[in-house]
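Inside the fold
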Amino acid sequence: MSKVFVFDAYGTLFDVHSAVARNSAILGEQASRLSEIWRTKQLEYTWTRTAMGQYRDFWQLTCEALDFALAVTRTESAGVRLALLEAYRQLGAFDEVASALASLKEAGAKTAILSNGTRKMLEDAVASTGIAGQIDVILSVDQLRRYKTDPAAYQLVCEEMKVHPGQVSFQSSNRWDIAGAKAFGFHTVWINRRSQPDEYPDLPPDRVLSDLAGLSVG
């Protein structure tokens, strides 16, 4: 029975594509492509920077990934970069997030975020979505200067929350993140929001859900 529920932030609690969606009128038909490139490069940069030992924080990588996406899509509106970055600081939460977290808290669970995002980014997102009262601990890998799936990132949960890996239920929409958490020893729940095919068959999730509504204590 898990009493500690740890959540990835981007793509799991917060909709990473909502920043572009809010600005779709000025981006036009390139909006969806730009959003996908932005997200893909953002993640790619975390992995390559960690492998090289050349850390830059997640906000800087988010800005650099956006610049690449704007260049690829030839988006040149004067104010669009600033608008997109401002929107990223206030991403929308998925519809079921608040109620799912509230149910876990009512059942006596401890809740936490473990994210690549900087603490400032995470605090802004938590505040803007109104879920601050449902999150007990915010953990950023920024203090390690290494990104998930480095085992040290998952160790942060054990150190900060005084638990063993087997006591933690870890939720992420990112299959690579689930693989990393599974290898570390967490109970894992893959939130497969986009019905993606499975990867990493040697590191399977313990559960697969389409959203967070199916979570429960025990």
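Residues numbered from 1 in each chain as written. Predicted model: local features only at pLDDT ≥ 70, side-chain atom pairs only at ≥ 80, totals over all residues. Heavy atoms only, no water.

1. Some points on the sheet that holds strand β1 (residues 4-7)
Spatially, six strands are ordered β3-β2-β1-β4-β5-β6 in an open sheet, and the strand pairing comes out parallel. Bordering the open sheet on either side are β3 (137-140) and β6 (207-209), each of which pairs with just one other strand. Strand after strand, the sheet turns through a mean of 25° between neighbouring axes, direction not considered. As defined by bridge partners, strand β2 (residues 110-115) adjoins β3 across four bridges and the pair is classed as parallel. Looking at β3, one finds that Leu114 is bridged to Leu139. Running over the sheet, helix α9 (residues 175-184) touches β4 (168-172) and β5 (187-191) and is turned about 175° from β5. (Pairing = 2+ DSSP bridges. Helix = DSSP H or I, 4+ residues; strand = E, 2+ residues; numbered from the N terminus. Axes fitted to C-alpha atoms, helices over the stretch in contact; angles between N-to-C directions. Contact = heavy atoms within 4.5 Å.)

2. Some remarks on the environment of Leu122
Here Leu122 is to be found in helix α7 (residues 119-129). Note: C-alpha distance between Leu122 and Leu139 (17 residues apart in sequence) is 8.8 Å. Excluding residues that lie within four positions of it along the chain, Leu122 makes contacts with Ala9, Tyr10, Ile113, Ser115, Gly117, Ile138, Leu139 and Ser140.

3. Thoughts on helix α8 (residues 151-161)
When we look at burial in α8, the residues that qualify are Ala153, Tyr154, Leu156, Val157, Cys158 and Met161. Buried positions along α8 lie against β1, β2, β3, β4 and α9. Sitting at the amino-terminal end of α8 is Asp150, which places a side-chain oxygen 2.9 Å from the backbone nitrogen of Ala152. Downstream of α8 by one or two residues, Lys162 has phi in the positive range, about 55°. (Buried < 20%, exposed > 50% of the residue type's maximum accessible area, 1.4 Å probe, protein only. Polar contact = N/O pair within 3.5 Å; in protein donor to acceptor, adjacent residues only side chain to side chain.)

4. Overview of the side chain of Thr46
With respect to the secondary-structure elements, Thr46 resides in helix α3 (residues 31-52). The exposure class assigned to Thr46 is buried, which follows from its relative accessible area of 0%. Here Leu43 takes part through its backbone oxygen, which lies 2.6 Å from a polar atom of the side chain of Thr46. Excluding residues within four positions of it along the chain, Thr46 makes contact with Phe58, Leu61, Asn116 and Tyr147.

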